[in-house]
Amino acid sequence: MRELLSSATAEHYADTVHATVERLAGRLRTTTQPFSGATPEQLRRLVDAVDLDGPAIGTPAALQEVDELVTAHSVWFHVPTYAAHLNCPVVLPAVAAEAVLAAVNPSVDTYDQSGIGTFVERAVVDWTARRIGFAGGDGIFTSGGTQSNLQGLLLAREHALAGVADRGTTLPRLRVVASASSHFSVQKAALLLGLSPDAVVLAPSDALGRLRPDALATTLAAIRAAGHVPMAVVATAGTTDRGCLDPLASVADVCAHDGAWLHVDAAYGCGLLVSPTRRHLLDGIERARSVTVDFHKSFFQPVSSSALVVRDAADLAPVAWHADYLNPHDSDEPNQVDKSLQTTRRFDALKLWTTLRALGADRLGAMFDTVLDLAAAVHRWVEEDGDLVLVGRTQLSTVLFRYQPPGVPDAQADALVPQIRSALFGSGRALVAKTVVDGRACLKLTLLNPGTTLDDVVGVLELVRAAGAALVEGDDLLAGDATAAVR
Ligand SMILES: *Cc1c(COP(=O)(O)O)cnc(C)c1O
């Protein structure tokens, strides 16, 4: 069958993929903006114009259509003026490895589906565990930090309920402690795990939004005094907005004293594991019981690439289920499915494996360091600018700020934040994010591109200034008009 990838279609496969890659290379050569600037209405119309029940158009035409419909309007994370969210440009060996995955289509669940993949994934997990500082340890690749956090907290829940006679009465008493800056996936995980709606307790934090060990101890004591059970403490190593790290060693001390399970969410900060200059920011992570790492954030890996790593391999046991058709109890084969929430699962580990072989860990760490240095330089630049106001400091690579020239009151500066973001997005020339910090709106840059220069970022900030000025002058100008100002 000509449609299927098989020995009979090897040549057709090569032609199809080569043509697709050539077309993409052409896009890369000519793309200068992170986004086309098309409106939601325009994009919806383009998609609606395609009739999925219409006559088939054949593979070359379908791929041509994808190029014009999807690729042309994609958001490009590698363009230096993309500075919105935690998306990184990707390293070439990983992109090539992704092509291997697309064709071989492995599933790392049972050994008989993925023999070599099983050992490669285990080697990459072991490498990560060693970088964390776990002697031994184990883990599993997941779809992302959200799933890694869910699994970490699932293991913590099962640990808290182990040996409990009546799960039903203990479950509503379980509490998870985190800072207000922790990722929203912690709250989602609590919901999915059947905890009570008020299970996530936000402990007081310092001026940078980091857990305060003294306040954490008080919070844990109050939970126990109320007859509740601290199921886990979630420390964040790299908060999504501020890019700050909870003080892991002191938090580990408090957890050790209380007996609480420490989960470190290093979805963002995991790049420090290979940093030649800043690994010390993660000191104490080796005392966590479970750790989330997102290689698709700070290891320059394509989506998806994430892992949950545990200090004690036995802690993964609660997710092991056995089926006669897949991984029976008496199977002596090393089945990765025994460690995962998923069954069919991508072999994402191959991308990091290939990257480590091709570039080495030091190179990746140096690349992450480059963006941290860039963020420091941008902080200094914003601090000295008369129209921009820096909001807080970072330990990683975010920049929080507002456009607020002298004379612009706080309320107006806050109102400008979403308008400026929309103006830039509408122009397609630069993408920035927005968030709320300490109750006030602010713009956010997330810098993850080691190819981006200070000049590139200053260019983005100049677009922010132009949009902001147009909005202030036009008073109630719509963002569309400000978009014209930055075109
Ligand atoms: C991004 C992020 C997550 C979620 O990870 P996904 O890969 O997007 O699911 C969790 N925690 C933190 C701190 C993050 O920044």
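Each chain has its residues counted from 1, following the order in which its sequence is written. Since the coordinates come from a predicted model, pLDDT governs what is reported: local features require at least 70, and pairs of side-chain atoms require 80 or more to be given and counted, while whole-chain, interface and lining totals use all residues. Excluded from the side-chain calculations are hydrogens and water; all other atoms, namely the structure's heavy atoms, are used.

**Quick notes on the UniProt feature "modified residue: N6-(pyridoxal phosphate)lysine" (unreviewed entry) in the protein chain**
Put simply, the rule reads: UniProt positions are given in the numbering used here, feature names are shortened, and annotations may be inferred rather than shown by experiment. A run of H or I in DSSP counts as a helix once it spans at least four residues, and a run of E counts as a strand once it spans at least two, with each numbered from the N terminus. Residue contacts follow a heavy-atom distance rule, with two residues in contact if any of their heavy atoms lie within 4.5 Å.
According to UniProt, the "modified residue: N6-(pyridoxal phosphate)lysine" (unreviewed entry) feature falls on Lys297. Structurally, the position occupied by lysine 297 is in helix H11 (residues 295–298). Discounting residues that sit within four places of it in the chain, lysine 297 has contacts with Leu86, Cys88, Ala267, Tyr268 and Leu448.

**Digging into unusual backbone geometry**
Negative phi values dominate among residues other than glycine, just as trans dominates among peptide bonds. The omega torsion of the bond from valine 303 to serine 304 falls at -5°, within 30 degrees of zero and hence cis. Position of serine 304 relative to the elements: it lies in the loop between H11 and strand S7 (306–310). Phi at asparagine 105 takes a positive value of approximately 55°, unusual for a residue other than glycine. You can see asparagine 105 is positioned in the loop between helix H4 (92–104) and helix H5 (111–132). Not every positive phi belongs to a glycine, and aspartate 438 is a case in point at roughly 50°. You can see aspartate 438 is positioned in the loop between strand S10 (433–437) and strand S11 (440–446).

**Comments concerning the site of the ligand**
Here is the rule we go by: Summary of the distance rule: residues count as near a molecule or strand when at least one heavy atom falls within 4 Å of that molecule or strand. What qualifies as a polar contact is a pair of N or O atoms within 3.5 Å, subject to a donor-acceptor requirement within protein and to the restriction that residues adjacent in sequence count only when both atoms come from side chains.
Inspection of the region around the ligand gives 15 residues, with Gly145, Thr146, Asp265, Asp294 and Lys297 positioned closest. Between glycine 145 and the ligand, the recorded distance is 2.8 Å, taken from a backbone N or O atom to an oxygen atom. One nitrogen or oxygen atom from the side chain of aspartate 294 is found 2.7 Å from an oxygen atom belonging to the ligand. Sorting the residues of the shell around the ligand by element identifies helix H6 (145–161) and H11 as the ones contributing at least two each. Considering every element that reaches the shell around the ligand, the biggest residue donor is H6, with 3 residues.

**Some words on the nonpolar core**
The cut-off we apply is this: Take the buried residues of types Ala, Val, Leu, Ile, Met, Phe, Trp, Tyr and Cys, join any two whose side-chain atoms come within 4.5 Å, and each joined set is a nonpolar core. Note on exposure labels: buried denotes an accessible area under 20% of the residue type's maximum, exposed denotes more than 50%, and partly exposed covers the range between, all computed with a 1.4 Å probe on protein chains only. Just so you know, the domain bounds were taken from an automatic or database domain assignment.
Residues Val233, Leu262, Val264 and Val291 are the most contacted members of the largest nonpolar core, which totals 62 residues. Taken domain by domain, the makeup of this core includes at least three residues from each of domain 2 (106–359) and domain 3 (362–486). If we skip the residues at most four places from it in the chain, valine 233 touches Val177, Leu211, Leu216, Leu220, Val251, Cys255, Ala260, Trp261, Leu262 and His263. Core analysis: the second largest hydrophobic core is formed by 31 residues, Phe401, Leu416, Ala430 and Ala470 among them.

**Considering the sheet that holds strand S9 (residues 398–403)**
Just so we agree on the cut-off: Criterion used throughout: strands pair if DSSP finds at least two bridges between them. Between N-to-C directions, angles cover 0 to 180 degrees, with each direction set by a line fitted to C-alpha atoms, over the stretch in contact for helices.
Taken in spatial order, the 4 strands make up an open sheet running S8-S9-S11-S10, and their pairing is antiparallel. The sheet is open, and its two borders are formed by strand S8 (388–390) and S10, each paired with just one other strand. Each neighbouring strand pair of the sheet contributes to a mean axis angle of 45°, computed without reference to strand direction. Relative to S11, S9 runs antiparallel, the two sharing 4 bridges. Considered in S11, the bridge of leucine 400 is made with lysine 444. The strands touched by helix H14 (residues 410–427) are S9, S10 and S11; relative to S11, the strand with the most contacts, the crossing angle is about 40°.

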